[in-house]
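Given next are the chains, with one letter for each unit.
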Amino acid sequence: MLRIQSEAEKDLATAYDWYEARQPGLGAEFLAEIDAVLSRIGEAPTRYPVVHRGVRRALARRFPYGVFYLIAPDAVVVIAVLHAARDPALLRRRSKSV
């Protein structure tokens, strides 16, 4: 089971809005790419590397974003969807809240 935390949903909405403002339809393409990443995570959550204290990262192919998640006993928990240039301190704060 895949669970997306509210902070990660906000990340997605912000990125969608940014891409959509640049070019109509690009936001939808971004979301489709992230959906593909989430599907790959759901199929094999241990496939992706641990980048910080149990937090794993799966990279999007077309957009410079990473999906950050933890493997919990009952679910895979997505804690962030961040642009590659974002401050990793944000990730550390979110991983503590799971």
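These numbers were taken from a predicted model, which means no experiment stands behind them.

Participant: I keep staring at the nonpolar core and nothing clicks. Help me out?
Facilitator: The tendency in soluble globular proteins is for nonpolar side chains to be buried side by side. Counting residues in hydrophobic clusters, the biggest one holds 20 residues, and the most contacted among them are Phe30, Ile34, Ile41, Tyr65, Val67 and Val81. Elements with a contribution of two residues or more to this core: α1 (6-22), α2 (26-43), β4 (65-71) and β5 (76-83). Among the elements that make up this core, the one with the highest residue count is α2 (6 residues). The contacts of isoleucine 34, once residues within four sequence positions are left out, are Leu12, Ala60, Tyr65, Val67 and Val81. Within the second largest apolar cluster, 9 residues are counted, among which are Val77, Ile79, Leu90 and Leu91.

Participant: What's the story with the side chain of arginine 56 in this structure? I'm lost.
Facilitator: Its location among the elements puts arginine 56 in strand β3 (residues 55-59). A polar atom in the side chain of arginine 56 sits 3.3 Å from the backbone oxygen of threonine 46.

Participant: When you look at the side chain of aspartate 11 in this model, what are you seeing that I'm missing?
Facilitator: The residue aspartate 11 is located in helix α1 in this model. With a relative accessible area of 10%, aspartate 11 lands in the buried category.

Participant: Which parts of the structure should I look at to understand the environment of alanine 85?
Facilitator: Mapping alanine 85 onto the fold places it in the loop between β5 and α3 (88-96). By relative accessible area, alanine 85 is classed as exposed at 70%. With 49 residues separating them in the primary sequence, alanine 85 and alanine 36 have C-alpha atoms 21 Å apart.

Participant: What is the right way to read the pattern of salt bridges from this model?
Facilitator: Inspection of the entire model under this criterion finds 1 salt bridge. For the salt bridge of glutamate 29 with arginine 62, the shortest nitrogen-to-oxygen distance reads 2.3 Å. On the criterion of sequence distance, the pair formed by glutamate 29 in helix α2 and arginine 62 in the loop between β3 and β4 is long-range, its members being 33 residues apart. Under the relative-accessibility criterion, glutamate 29 is labelled partly exposed at 34%.

Participant: Even after reading the chapter, I still don't get the environment of glutamate 43, so can you show me in this structure?
Facilitator: Among the structural elements, glutamate 43 can be located in helix α2. Residue class for glutamate 43 comes out exposed when judged on its relative accessible area of 62%. Counting along the chain gives 35 residues from glutamate 43 to alanine 8, while the straight-line C-alpha distance between them is 20 Å.

Participant: Got a minute to help me understand the pairing of β3 in this structure?
Facilitator: In this sheet, β3 lies alongside strand β2 (residues 50-52) in antiparallel orientation, the contact comprising 2 bridges. Within the sheet, the bridge partner assigned to valine 50 lies in β3 and is arginine 56. The turn joining β2 and β3, which pair antiparallel and follow one another in sequence, is formed by 2 residues; a positive phi near 40° is taken by arginine 53. Inspection of the sheet shows β3 paired to β4 by 4 bridges, in the antiparallel sense. What sits directly across from arginine 57, in β4, is phenylalanine 68. Count of turn residues in the β3/β4 antiparallel hairpin: 5 residues.

What counts and what doesn't
- Residues numbered from 1 in each chain as written.
- Predicted model: local features only at pLDDT ≥ 70, side-chain atom pairs only at ≥ 80, totals over all residues.
- Heavy atoms only, no water.
- Core = buried A, V, L, I, M, F, W, Y, C linked by side-chain atoms within 4.5 Å.
- Buried < 20%, exposed > 50% of the residue type's maximum accessible area, 1.4 Å probe, protein only.
- Helix = DSSP H or I, 4+ residues; strand = E, 2+ residues; numbered from the N terminus.
- Contact = heavy atoms within 4.5 Å.
- Polar contact = N/O pair within 3.5 Å; in protein donor to acceptor, adjacent residues only side chain to side chain.
- Salt bridge = Lys/Arg side-chain N within 4 Å of Asp/Glu carboxyl O.
- Pairing = 2+ DSSP bridges.

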